[in-house]
There are 2 protein chains.
Amino acid sequence: MITVTEAVRLIGENTLTLPITEVTLTAANGSVLREPISADRDFPPFHRVSMDGIAIRFANFQAGEDTFRIEGVQLAGAPPQTLHQNDGCLEVMTGAILPGNTDTVIRYEDLKIFDRNGIRYAHIFAAPKGRMQNVHQRGSDRQAADLLIPAGTLLSPAEIAVIATVGKTTVQVSQPLRVAIISTGDELVEVTEMPLPHQIRQSNSYLLQAALQEQGVKAQRFHLRDDKAALLTELKDLLSRFDALILSGGVSKGKADFIPEVLAELGVQKLFHEVAQRPGKPFWFGRVANGPVVFALPGNPVSTFVCFYKYVRPWVRASLSAPAALVPKAILQEETVFRPDLTYFLPVKVAIGTSGMLTAKPVHIGGSGDFAALLSADGFLELPQKQSTFSVGEVYAFYGFRS
Amino acid sequence: MITVTEAVRLIGENTLTLPITEVTLTAANGSVLREPISADRDFPPFHRVSMDGIAIRFANFQAGEDTFRIEGVQLAGAPPQTLHQNDGCLEVMTGAILPGNTDTVIRYEDLKIFDRNGIRYAHIFAAPKGRMQNVHQRGSDRQAADLLIPAGTLLSPAEIAVIATVGKTTVQVSQPLRVAIISTGDELVEVTEMPLPHQIRQSNSYLLQAALQEQGVKAQRFHLRDDKAALLTELKDLLSRFDALILSGGVSKGKADFIPEVLAELGVQKLFHEVAQRPGKPFWFGRVANGPVVFALPGNPVSTFVCFYKYVRPWVRASLSAPAALVPKAILQEETVFRPDLTYFLPVKVAIGTSGMLTAKPVHIGGSGDFAALLSADGFLELPQKQSTFSVGEVYAFYGFRS
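Here is what the cut-offs are and how they apply
Residues numbered from 1 in each chain as written. Chains lettered and ligands numbered in written order. Predicted model: local features only at pLDDT ≥ 70, side-chain atom pairs only at ≥ 80, totals over all residues. Heavy atoms only, no water. UniProt positions renumbered as here; feature names shortened; annotations may be inferred. Helix = DSSP H or I, 4+ residues; strand = E, 2+ residues; numbered from the N terminus. Rg over C-alpha atoms; globule rule 2.2 N^0.38 Å. Buried < 20%, exposed > 50% of the residue type's maximum accessible area, 1.4 Å probe, protein only. Contact = heavy atoms within 4.5 Å. Areas by Shrake-Rupley, 256 points an atom, 1.4 Å probe, with all protein chains shown as cover. Axes fitted to C-alpha atoms, helices over the stretch in contact; angles between N-to-C directions. Parallel < 35°, antiparallel > 145°, perpendicular 65-115°, else oblique. Left-handed = near helix turned anticlockwise from the far one by under 90°. Nonpolar A, V, L, I, M, F, W, Y, C, P; charged D, E, K, R; others polar. Pairing = 2+ DSSP bridges. Least-squares fit on C-alpha atoms with pLDDT ≥ 70 in both. Buried area = accessible area lost by both parts, 1.4 Å probe. Salt bridge = Lys/Arg side-chain N within 4 Å of Asp/Glu carboxyl O. Domains from an automatic or database assignment.

The name recorded for chain A in an unreviewed UniProt entry is Molybdopterin molybdenumtransferase, from Adhaeribacter rhizoryzae. Its UniProt record gives chain A the following Pathway (unreviewed entry) comment, quoted word for word: "Cofactor biosynthesis; molybdopterin biosynthesis." Under Cofactor (unreviewed entry), UniProt gives the following word-for-word description of chain A: "Mg(2+)".

S.K.: For this particular structure, what's the right way to read the overall build of chain A?
M.R.: Helix and strand counts for chain A stand at 7 helices and 28 strands. What you see for chain A is a C-alpha radius of gyration of 31 Å, clearly larger than the 22 Å of a compact globule of 403 residues, by over 25%. Across its three principal axes, chain A shows a C-alpha extent of roughly 100 × 50 × 40 Å. Out of the 403 residues belonging to chain A, those deemed buried represent 56%. Of the contacts made within chain A by residues no fewer than 6 positions apart, 69% connect residues no fewer than 24 positions apart. For chain A, the exposed area adds up to about 16300 Å²; of that, 50% sits on carbon and sulfur atoms.

S.K.: What exactly am I supposed to notice about the packing of helix 4 (residues 204-213) of chain A against helix 7 (residues 301-319) of chain A here?
M.R.: Working note: a packed helix pair is described by the angle between its axes plus the distance between those axes. All names here are of chain A. The contact between helix 4 and helix 7 brings their axes to 11 Å, and the two run at 30°. By the angle between their axes, helix 4 is roughly parallel relative to helix 7. Helix 4 and helix 7 meet at a crossing whose hand is right-handed. Only Pro301, Thr304, Phe305, Phe308, Tyr309 and Val316 of helix 7 make contact with helix 4, whose side of the interface consists of Asn204, Leu207, Leu208, Ala211 and Leu212. Residue classes in the contact of helix 4 with helix 7 are distributed as 9 nonpolar, 2 polar and no charged.

S.K.: Sorry, what's going on with the sheet that holds strand 6 (residues 88-92) of chain A here?
M.R.: Strand pairing within a sheet occurs via backbone hydrogen bonds; the two strands may be parallel or antiparallel. Residues and elements named next belong to chain A. With respect to topology, 6 strands assemble into an open sheet ordered 7-4-6-5-9-8, the strand pairing being mixed. Where the open sheet ends on each side, the last strands, each with one partner, are strand 7 (104-107) and strand 8 (111-116). Across the sheet, the mean angle separating the axes of adjacent strands is 40° when strand polarity is ignored. Looking at chain direction, strand 5 (residues 67-74) and strand 9 (residues 119-124) are connected through 3 bridges and run antiparallel. Across the sheet, Arg69 pairs through a bridge with Tyr121, a residue of strand 9.

S.K.: Help me out: how do you make sense of the relation of the copies chain B and chain A in this one?
M.R.: Each of the two chain copies can be generated from the other by rotation about an axis followed by a shift along it. You can overlay chain B on chain A at an RMSD of 0.0 Å; the transform is a turn of 180° with a shift of 0.0 Å along its axis. Viewed as a symmetry operation, the transformation between the two copies matches a two-fold axis. Measuring from the rotation axis to each C-alpha of chain B, the shortest distance belongs to Met357 of chain B, at 2.8 Å. Interface residue correspondence from chain B to chain A reaches 100%, placing this contact among same-surface, isologous pairings.

S.K.: Honestly, the interface of chain B and chain A in this entry has me stumped. Any pointers?
M.R.: Interface size is commonly expressed as the accessible surface area that is lost when the partners come together. Listed per partner, the contact involves 95 residues of chain B and 95 residues of chain A. Carbon and sulfur atoms make up 62% of the surface buried where chain B meets chain A, a total of about 7200 Å² over both sides. Where chain B meets chain A, there are 4 salt bridges. A salt bridge links Glu159 of chain A to Arg402 of chain B; its shortest N-O distance comes to 2.8 Å.

S.K.: Mind showing me how you'd approach the domain arrangement of chain A here?
M.R.: Each domain of chain A was delimited in the assignment, giving domain 1 (4-18 + 176-319), domain 2 (21-42 + 154-174), domain 3 (48-136) and domain 4 (329-400). Measuring from the centre of the C-alpha atoms in domain 3 of chain A to the corresponding centre in domain 4 of chain A gives 62 Å.

S.K.: Help me understand unusual backbone geometry, please; the structure alone is not making it clear to me.
M.R.: A negative phi angle characterises most non-glycine residues, just as the trans form characterises most peptide bonds. Cis geometry marks the peptide bond from Phe43 of chain A to Pro44 of chain A, where omega comes out at -15°. Along the chain, Pro44 of chain A turns up in the loop between strand 2 (37-38) and strand 3 (48-49). In this chain, Arg278 of chain B is followed by Pro279 of chain B through a cis amide linkage whose omega measures -10°. Along the chain, the position of Pro279 of chain B falls in the loop between strand 19 (277-278) and strand 20 (284-288). Positive phi, close to 70°, is recorded for Asn101 of chain B, a residue that is not glycine. Positionally, Asn101 of chain B belongs in the loop between strand 6 (88-92) and strand 7 (104-107). Using a relative accessible area of 39% as the deciding quantity, one classes Asn101 of chain B as partly exposed.

S.K.: Got a minute to help me understand the sheet that holds strand 17 (residues 244-248) of chain A in this structure?
M.R.: Residue and element names in this part refer to chain A. Overall, mixed pairing links the 6 strands, which are arranged 16-13-17-21-20-18 in an open sheet. The strands lining the two open edges of the sheet, one partner per strand, are strand 16 (220-224) and strand 18 (268-273). When the angles between neighbouring strand axes are averaged without regard to direction, this sheet yields 20°. Where strand 18 lies against strand 20 (residues 284-288), 5 bridges are found, and the strand directions are antiparallel. In the sheet register, His273 faces strand 20, and the bridge partner there is Trp284.

S.K.: Would you mind going over the environment of Met51 of chain B with me for this structure?
M.R.: Residue and element names in this part refer to chain B. Position of Met51 among the secondary structure elements: in the loop between strand 3 (48-49) and strand 4 (53-56). The spacing of Met51 and Ser38 is 13 residues in sequence and 28 Å in space, taken between C-alpha atoms. When near neighbours in sequence (up to four residues on either side) are disregarded, Met51 contacts Val92, Met93, Thr94, Val105, Arg107 and Asn134.

Following this line, the structure appears as structure tokens:
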């Protein structure tokens with residue numbers, strides 16, 4: 001039996017590096033970028049007017065002029081005009097290019113426009129502070145060829161917008177992970193079936209499929225019977241077609257738990273079996289040398305949940321080359337005693353406390369089979385192994401499973 | 001001009017109630033449940049063995065017996081067997097039904113199995129604590145017909161698993177929101193085009209599409225020219241086909257900003273225009289009576305971002321009938337002075353501090369056009385209007401835009 005820390009380390013040493021694939025920009029959100037994105041031109045690409053108003057040459061204002069004849073309008077998207085007269089100005093719109101021979105924008109709020117003999121004038125009553133006022137200057141944010149987004153970035157809407165701006169319609173990202181979810185256990189029947197009194201419908205594979213979907217992974221579900229020969233054939237096939245197998249059930253000490261034995265015969269090297277934690281102690285992890293990894297999770301739903309969010313999700317993220325997610329912390333709201341020499345994952349409901357910090361209230365749960373209780377929980381607190389009394393106000397890592 | 005609080009209130013009064021639709025369970029994660037889910041039978045549905053070991057009748061142990069002849073094996077998924085002899089036991093596997101005439105399970109760790117004259121026996125060396133030890137009793141978690149998941153729940157993997165367990169393969173959820181994203185502004189060209197020096201590629205509509213996608217909304221993008229007649233025709237059509245229009249650009253005071261005028265002509269009632277905030281002040285919001293809503297967001301990317309995460313996202317969630325998301329708080333790490341009488345949305349990068357609380361470091365940004373700076377930010381702090389100095393250590397609401 002190994003510790004949680006050791007399990008995390010071993011799993012972290014066995015992440016994959018997925019090949020690169022090209023996707024359209026509109027399909028790229030949530031993927032991990034595998035190429036650097038650079039500016040194709042300056043940001044902004046021109047002196048960009050940032051307020052609606054008028055553009056003047058600042059020197060003319062300094063020379064004592066405060067009323068300017070309007071020579072025309074510079075609209076956003078129109079080619080640049082040029083100011084002709086020292087006592088002239090051009091109306092300018094946000095997003096427009098700054099007209100030639102002007103260097104300062106005065107917004108409408110700071111001037112008064114009036115008509116005299118059919119000619120329009122702008123009178124400035126709030127002095128401009130200096131040249132380039134209300135002008136977003138060319139290249140002031142980024143210069144052409146600057147690196148904007150390094151490879152390895154998890155793409156969010158901000159990156160999608162920047163990639164659009166530089167004119168890329170496709171982008172290189174990590175290939176999708178191929179994950180097989182395999183439920184085992186003869187007590188399980190399909191969701192569509194009416195179970196006999198001693199049977200239950202399978203639910204863990206749905207849980208895992210939905211949780212993987214939230215990580216952008218489209219996983220396939222399989223159900224295998226507790227039959228050694230069938231397991232050998234089927235698992236061999238799945239190992240050849242997937243990057244990861246997630247098995248649910250079949251790893252405790254029971255008579256019909258052939259999984260570790262079958263995996264060994266198929267060349268899957270055991271990296272550990274049993275982690276000093278509750279729930280989820282019988283967790284088994286292994287890998288085919290330079291090949292797919294196998295997470296064999298304990299079959300009860302609460303253990304499956306804990307193992308997924310603590311171990312599988314970070315592995316998925318790392319294998320997609322994404323940076324690790326922040327693990328928030330939460331303040332325990334109720335004294336909790338747990339004596340066994342195990343890390344304890346406590347189901348909790350969280351809220352935002354008066355201090356602004358996350359608070360975590362334990363959800364009382366009937367045992368690791370009581371997954372209906374998870375409906376009232378938002379995630380788990382990780383309570384460390386070498387401690388048995390956890391007091392109100394103490395702060396622990398929180399693994400959330402809701403968005 | 002109205003306050004941020006007032007804007008939130010007006011938008012909140014104009015959420016929609018979407019019709020109900022039926023989807024398959026595997027497509028339901030992230031949707032909002034619109035029917036209650038009840039237990040179809042007891043949870044667990046039978047006295048369920050929760051440890052591998054042997055099952056005995058506790059009274060026999062109390063009567064002094066500590067070694068039991070193994071009569072057989074009760075596997076998970078197999079119909080129940082019955083114990084025949086007082087000095088007998090049955091091996092039982094996790095997930096199996098508790099055999100008839102037994103009431104207690106002793107795990108393998110607490111016994112020794114041996115063979116005598118070809119007959120197998122189990123000797124118990126750690127006394128069971130009482131009846132029903134290591135048995136997850138029928139109906140102990142939930143009883144048949146108990147409400148498990150109320151309507152209005154945002155479905156996450158935990159709910160998907162429970163719905164599978166009760167045997168439902170389809171589920172009633174809110175219909176998808178139909179959202180049109182409309183960019184305007186003649187300075188914008190398509191991503192595929194090479195912009196002239198005074199033009200830029202459109203990016204806001206990609207940003208909004210990606211951000212909506214994260215809320216489960218598949219939005220369509222449109223680009224309209226700054227031409228009043230065309231805007232009238234196109235917007236009329238879009239108002240008849242969508243639940244919400246999100247316009248980007250066209251709401252400042254400029255010459256070519258026809259949008260509010262055109263919307264008024266089309267019967268969209270203005271609910272507000274201009275919010276006392278930076279960035280995003282020119283934000284316009286309206287609605288056709290009992291019909292679609294229109295968010296007309298300022299055209300610069302940082303304003304678009306702020307308005308989406310502060311206003312549009314909560315509206316989307318409420319219109320899907322989902323409960324409001326928790327808004328976390330973060331500790332400001334750098335003194336910030338902002339004097340205008342406006343709510344200030346400060347771009348920040350967050351981390352988990354030593355106290356376990358989120359910390360927020362301001363990201364210095366060139367102005368509301370500098371959206372490349374958003375690449376270094378994780379979200380915005382909302383700094384209240386009636387304050388101008390924000391000190392290190394103060395705690396403010398954080399709107400994040402990364403997962």
